[in-house]
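Chains, contacts and geometry: an overview
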Protein chains: 2
Amino acid sequence: MTVDIKLARAYRVIGTSPVRADGYDKVTGKAIYGSDVRISGAIWGSVLRSPHPHARIHTIDTSEAENSPGVAAVITSADLPPIGPEPIDMASAFVDPDHARQNILAGSKVLYRGHPVAAVAALNQMAAAEAVRKIKVEYEPLPAVFDVDAATAPGAPILLEDLEADHLGEPVTGTNIAWHFRYELGDPEAGFDRSSLTIEREFSSPTIHQGYVEPHNATAFWDEDDRIQIWTSTQGLFGVRKQVAGILGVNESRITVYPVEIGGGFGGKTVVYLAPLAALLSRIAGRPVRMVMDRKAIFESTGPAPGGRIAVKIGVDEGGRIQAATASIRLEAGAFPGWAAETASKSVFSCYDIPNARVDGFDILVNKPKANAYRAPGAPQVTFATESVIDEICDEMGWDRIEFRLANASGESTRRVDGPRLGKIGVRETLQAARASDHWNAALTLAESPIRRRGRGVASAFVLFSGRESTATLNLNNDGTVSLVEGSVDINGTRTAIAMQAAEVLGIPLEDVRAVVGHTGAVGSTEISHGSRTTFATGWAACEAAHQLIDEMRRRVADLWEIDVAGIVYESGMFYSGGDRDPSISFRDAAATLGRSGAPISVTASVDPPSPAQGVFSCHIADVEVDIETGKVEILRYTAVQDVGTAIHLAQVEGQIQGAVAQGIGWALNEEYFYDADGRMANHTFQDYRMPTSADLPGIEPIIVEVPNTQHPFGVRGAGEVSIAPPPAAIANAIFAATGIRLRELPMKPGRVLAALQNGVRT
Amino acid sequence: MTVDIKLARAYRVIGTSPVRADGYDKVTGKAIYGSDVRISGAIWGSVLRSPHPHARIHTIDTSEAENSPGVAAVITSADLPPIGPEPIDMASAFVDPDHARQNILAGSKVLYRGHPVAAVAALNQMAAAEAVRKIKVEYEPLPAVFDVDAATAPGAPILLEDLEADHLGEPVTGTNIAWHFRYELGDPEAGFDRSSLTIEREFSSPTIHQGYVEPHNATAFWDEDDRIQIWTSTQGLFGVRKQVAGILGVNESRITVYPVEIGGGFGGKTVVYLAPLAALLSRIAGRPVRMVMDRKAIFESTGPAPGGRIAVKIGVDEGGRIQAATASIRLEAGAFPGWAAETASKSVFSCYDIPNARVDGFDILVNKPKANAYRAPGAPQVTFATESVIDEICDEMGWDRIEFRLANASGESTRRVDGPRLGKIGVRETLQAARASDHWNAALTLAESPIRRRGRGVASAFVLFSGRESTATLNLNNDGTVSLVEGSVDINGTRTAIAMQAAEVLGIPLEDVRAVVGHTGAVGSTEISHGSRTTFATGWAACEAAHQLIDEMRRRVADLWEIDVAGIVYESGMFYSGGDRDPSISFRDAAATLGRSGAPISVTASVDPPSPAQGVFSCHIADVEVDIETGKVEILRYTAVQDVGTAIHLAQVEGQIQGAVAQGIGWALNEEYFYDADGRMANHTFQDYRMPTSADLPGIEPIIVEVPNTQHPFGVRGAGEVSIAPPPAAIANAIFAATGIRLRELPMKPGRVLAALQNGVRT
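Residues numbered from 1 in each chain as written. Chains lettered and ligands numbered in written order. Predicted model: local features only at pLDDT ≥ 70, side-chain atom pairs only at ≥ 80, totals over all residues. Heavy atoms only, no water.

Right, let's get into the interface of chain A and chain B. Contact residues are listed per partner, giving 48 residues for chain A and 48 residues for chain B. At the boundary of chain A with chain B, total buried surface from both sides reaches about 3,600 Å², with 44% on carbon and sulfur atoms. Interface area lost by chain A to chain B is led by Tyr24, Arg514 and Pro600 of chain A, which between them contribute 16%. The closest approach of N and O atoms between Glu224 of chain B and Lys30 of chain A, which form a salt bridge, is 3.0 Å. On the surface where chain A and chain B come into contact, there are 21 residue pairs in polar contact (both at pLDDT 80 or more). If you list the elements that add at least two residues to the side of chain A that touches chain B, you get α1 (23-28), α7 (237-248), β20 (470-476), β21 (482-486), β22 (513-517), α17 (587-595) and β26 (602-607) of chain A. Sorting elements by how many residues they give to the side of chain A that touches chain B places β26 of chain A first, with five residues. Its residues assigned to classes, the side of chain A that touches chain B shows eleven nonpolar, 20 polar and 17 charged. (Contact = heavy atoms within 4.5 Å. Buried area = accessible area lost by both parts, 1.4 Å probe. Salt bridge = Lys/Arg side-chain N within 4 Å of Asp/Glu carboxyl O. Polar contact = N/O pair within 3.5 Å; in protein donor to acceptor, adjacent residues only side chain to side chain. Helix = DSSP H or I, 4+ residues; strand = E, 2+ residues; numbered from the N terminus. Nonpolar A, V, L, I, M, F, W, Y, C, P; charged D, E, K, R; others polar.)

Following the sequence through the fold, Thr473 of chain B ends up in strand β20 (residues 470-476). Polar contacts involving the side chain of Thr473 of chain B include one to the side chain of Thr604 of chain B, which spans 2.9 Å. Residues within four places of Thr473 of chain B in sequence aside, it is in contact with Thr604 of chain A together with Ser483, Leu484, Val485, Ser602, Val603 and Thr604 of chain B.

Turning our attention to the state of the cysteines. Residue and element names in this part refer to chain A. On inspection of all chains with the given rule, the structure shows zero disulfides over all chains. The thiol of Cys619 is unpaired, and the distance to the nearest cysteine sulfur, on Cys351, comes to 8.7 Å. According to the relative accessible area criterion, Cys619 is buried, its value standing at 0%. (Disulfide = S-S within 2.5 Å. Buried < 20%, exposed > 50% of the residue type's maximum accessible area, 1.4 Å probe, protein only.)

Residue and element names in this part refer to chain B. As summarised here, the arrangement of the three strands in space is β23-β24-β25, forming an open sheet in which the pairing is antiparallel. A single partner strand is all that each edge strand has here, and the edge strands are β23 (568-571) and β25 (584-586). Adjacent strand axes in the sheet meet at a mean angle of 20°, parallel and antiparallel pairs treated alike. Of the strand pairs in this sheet, strand β24 (residues 574-577) and β25 are connected by three bridges, and their pairing is antiparallel. Across the sheet, the residue bridging to Met574 is Ser586, located in β25. This element, helix α16 (residues 534-561), spans β23, β24 and β25 of the sheet and lies at about 45° to β24. (Pairing = 2+ DSSP bridges. Axes fitted to C-alpha atoms, helices over the stretch in contact; angles between N-to-C directions.)

The next point concerns the domain arrangement of chain A. Residue and element names in this part refer to chain A. Once the domains are mapped, chain A shows domain 1 (23-31 + 467-607), domain 2 (34-142 + 213-297) and domain 3 (411-465 + 612-759). One C-alpha centre belongs to domain 1, the other to domain 2, and the line joining them spans 38 Å. Listed by partner, the interface residues are 19 residues for domain 1 and 18 residues for domain 2. Summing both sides of the interface, domain 1 and domain 2 together bury roughly 1,500 Å²; the carbon and sulfur share of this comes to 61%. Three residues, Val489, Thr520 and Ile528, lead the burial of domain 1 against domain 2; their summed loss comes to 42% of the area buried on that side. Remark: the boundary between domain 1 and domain 2 carries two salt bridges. Counting across the interface, domain 1 meets domain 2 through three residue pairs in polar contact (both at pLDDT 80 or more). Looking at the side of domain 1 that touches domain 2 residue by residue, the classes come out as six nonpolar, ten polar and three charged. (Domains from an automatic or database assignment.)

What follows concerns the relation of the copies chain A and chain B. Of the two same-sequence chains, chain A is brought onto chain B (RMSD 0.0 Å, axial shift 0.0 Å) by a rotation of 180°. Those values place the two copies in the arrangement expected of a two-fold rotation axis. The C-alpha atom lying nearest the rotation axis in chain A is that of Thr604 of chain A; the distance is 3.0 Å. The share of interface residues of chain A whose copies in chain B are also at the interface is 98%, consistent with both copies meeting through the same surface. (Least-squares fit on C-alpha atoms with pLDDT ≥ 70 in both.)

What follows is about the packing of aromatic side chains. Within this structure, the stated rule accounts for 32 aromatic pairs over all chains. Centre to centre, the rings of Phe299 of chain B and Phe686 of chain B are 6.0 Å apart; their planes meet at 85°, and the pair counts as edge-to-face. Within this pair, whereas Phe299 of chain B is found in helix α9 (residues 295-301), its partner Phe686 of chain B is found in the loop between α18 (650-669) and β29 (700-705), the two being separated by 387 residues in sequence. Each ring, one from Phe299 of chain B and one from Tyr689 of chain B, has its centre 4.8 Å from the other, and the planes form 45°; the classification is tilted. Residue Phe299 of chain B is found in helix α9, and its partner Tyr689 of chain B is found in the loop between α18 and β29; the two are separated by 390 residues along the sequence. Among the residues examined, Phe299 of chain B registers a relative accessible area of 1% and is labelled buried. Through successive ring pairs, a cluster of aromatic residues spans Phe299, Tyr673, Phe686 and Tyr689 of chain A. (Phe/Tyr/Trp six-rings, centres within 6.5 Å; stacked < 30°, edge-to-face > 60°.)

See below:
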């Protein structure tokens, strides 16, 4: 369902839902994913991982492993090549390249359970496992910290003794707070003074995982000519190239990363784990090395979404206008510093036009794997906090939930707390669409059983999306089709969404645009697919290339007709000479003619758009039913209204919204890293790590609002992420509506709901 | 050894001999050739070939074969999809696309032994062979013709009954002369009248083969989504795409052809044989199909160099100036019409400035496989004729062989017999270099044995080279290296010769340019590598792309320095602001800086140069020793002087000259299709088809003359072919010098030499 806020645009290809370019191969099982890659002569690589969450490494004895049958290579951090004097641009979750190296293979300390300590390449998986068992490591266990409170308590064990942290611009050592930064706008204290109602609450969110089905994998071959070939499931071929080059201290151009299909990433496949190990093992073994993680390693060693604690304080005047807001966002960095709190800070208040605000962000080291991006990084955690407080304010003041949000909605000139003005964004339009929706206007009926209580909740969210560099090449074929070469791996049908933009500009059918992903030696540099940037930025490059192609064809047609190029019009798939539109030639006929009468027509366009300040906005409505005897929460109905800018592939955009909501519901109700009494993750299988299945989810109704992005040729916004953020708050608010209980810890699992009901935690 | 005719050019990269990009993989055995390709699930395809040189097919019964164990598909010509109404651009040896289809799978007739009649795909090679044996074909054998005389004799059996032949513009049916054309210049009869000496002779050349080591092969997968993927050893990815599309009547854009290494082509891998069969079998079998020819099939079914008879008449006035020349060039088309005589006609007289000339070319159908290109197609046959007659004239008139050629040498304004003026060409420079060479100035000593006679011969040759479409893309990497993507498969180190031209323009080391070959979906259309066009035309595209890259970098540097782009100079690897050359930035530093401060830098250039009229010229000197008791001819010393325009990769150019001479010597002395009494080829193995080995060859001394081509940015001429043409004539002339015997039939094998000596054939 599309709500036409703006006048309907008469696009030909854009806004339809064609079969995806990746669909046939994925449906028939023909698609080659990273772990399907079989390179002739490849042997198996395995990793020895730390059993301790925090320990000093005294010695590593690999001699017995090296002599184990079938072993071709054993490496530890001592085998990492020295890195050159030039700075390494890691462009990843790591702010320090040396930390990226330590994460690949631990140096003097292990910092989390699962931290790689050594790796082995052997003729087969059994031989590799046997050799891994024969590596002797002498550890000195150290006390560990697992949450932001413990990590910042006095006397807490320090993870990175050498770290010079930045605390509001001042260097600090001997701390686990790797970064404390502050954004401030106006005078928050004065704002609170003007408020008639101020509410401050603290919320917590657990460590959770992206839960992609396909495990991390890498096959690498480092040959005697020092060329490194890599096949790996990743969100970014050039990111892998850059990171492996940085970690191993080799020239980027010696590395070729080949595209394969990816079985889910959601932000978690933006950082390399196995590729540098496989490459290094391959150099020693002289053969290709293939590595695939098991699920336990994925949970224990790869970047989860950070847990943490968020305190939010909001003050409202008598007229219901928010006068001030502050937040303290303390997120788990994991073992090495990152930037999780930074993106969270840009989302926390951006739905609202708040004149006075302050956010303190903290990136806090804990003995867990280094946190990584997960769909709308940081936004679910802070949205849970802000939107729960907003709901409480509405409850206290008797405001309608949507009217209050409309009264305080961000507008074009609203400043984000970190400074930039938002510009054109569909906040009001989205809220109006929610207010007009079937769901909002349908009465919530009573449950059939008296032990089941129903309630409706609302929550909004804002998240930024990324621009950055992308390249697209178009080659015109003689039969009137066009080959599109792009550098973005197809993470979710993006080949199609990009080809659609080219087809729209070219005025030809989508099936005449054949999109392929080039390897890193065959296409221009393209940033990792993160921050919903691909349809936006790589699509933009494809638009630019398509315009170049038409221009070149106009020049050739002009030569053919021996008239000035200014007299050639291209419209609806036909080239005309101006005026009387005679002669004319179709795109297809022109391709056949021009291809035989001159140089091939081949164009390349690169773009590097800034990340728009406007971001993307959504408002969700959830109806829940709470079983007050078991604490189980069932979602009865769920509607997600989202401004997507312009929907390129309608069904894909709807699928992105539904998928994001499903993950948000998992975050709200079930998912968490559950630790046993010994501090070990107890639920490191998909059986026990309870992601929602289709049986746990209602139909999720997407309502697409199109407020075109003024900073993209087709108005695209990055639409894939924001809808993961509202579900925890929308569901918490619905639980409150059903039961009068406010839950401020995620997940809102039955035991926690039951305890709250029994303890009567009402505000 | 380089003779500097022009002032030496101070190139940095061009003219050196770096390690080839393909060298490491080929030397270590890592290179993947077409028949090394293993696609998961592939099954084996085999071909049933005709045992008759000429027969009508009454019925083909495949039922038993279809039920044979492990058989997945059986096809005959009845299974070829209908072709659409649109004309097919075959761009191959076939002038009629329907003939290309008939060559793939015979229709109502077989036209040569080895002509494919049916094909089978089965689980393995044995099962396929078994099924092939079970196909029952009812043939009606027809009389066959194997040479141009028999084919044109009255009452000869007609191969293509429906053919409408073109005889000097008139349509003719019921003939095996598929094409008779004429080129004429001036008034030959008047020229002969002015001549004081006129010599006319006829020469013959056998059918011979290119003799590439790697067999023809193809792996194809036609999937249910009608996408066709092809891996095959070929001289042109886009040629395979075009031909398979034309033969199978499918849209080009449904076909992707992937680059693999090629183990020799020499013109013989410009036409498809197995790829359409593998694709068609795959469509029926639902699995990839792999096919590899055996050597017998290669000899009997794939395009050889045409045999034929050439009559040449040359008239010279008393001053030694050639006044007139005529030629009748009758070459074997094989089973289907082609163009062999046409290229021969452009070579036959172009070494000389002849005011009056006429050439009659005949393309004559015989019951042999369709002829195909072989290095300098047609030139060895006609050069043998012309240069033997020239030698006879010199002998009669007492002229020095080189002085006579210099006195009659072509110049810039000389017209070729087919019309165009030659333009700048190094004919005189090459002859002068031959005259100045060590070899020419060294006396020929007597043989030690009285039964061995020594002689020296000279011969010159001219051949055209091709232009046509090529595309190159350059992607700038942040580390200052450049990825070069090209559409020309690397047939003989061409990746390096192309990368060298880019590196020269870019002012960076060659090792910083990484060349890869793109598949047909990933790079712009590029013509087949034939006619020595690749270093010329694809190199030109790389030059153009390199200039574009520098221009784009100049624009970005200008932005960086906030000055006008007109003020930015790029020189010797540095960008300067004009005037005081401050600031400045190196290419590498600029790449690092610009790559982080804007869109990626990626450029594509396409070119479509016409084939230059100038061609390329060589003059060879051969010393031989003839054993008059056995007739064996030994080459004592061989020098090949060639104008190469500008030598890009010096060692590769030398290697091309040496390789061409080696093949020319084989043509001169040993190679031929030898038929037994039943008309079957008796020498279809490399054991019996006597190509020269290193033991048969002298050291071959190349002398490189550089007269830069004025129609290429670096002066490149296509240097790979012409030196195959002089050896038969140079050796025949040397045999005459040694023995007084003139041989006019190739090969000059011992038996033939002995017979001539015994018969005393002196003129």
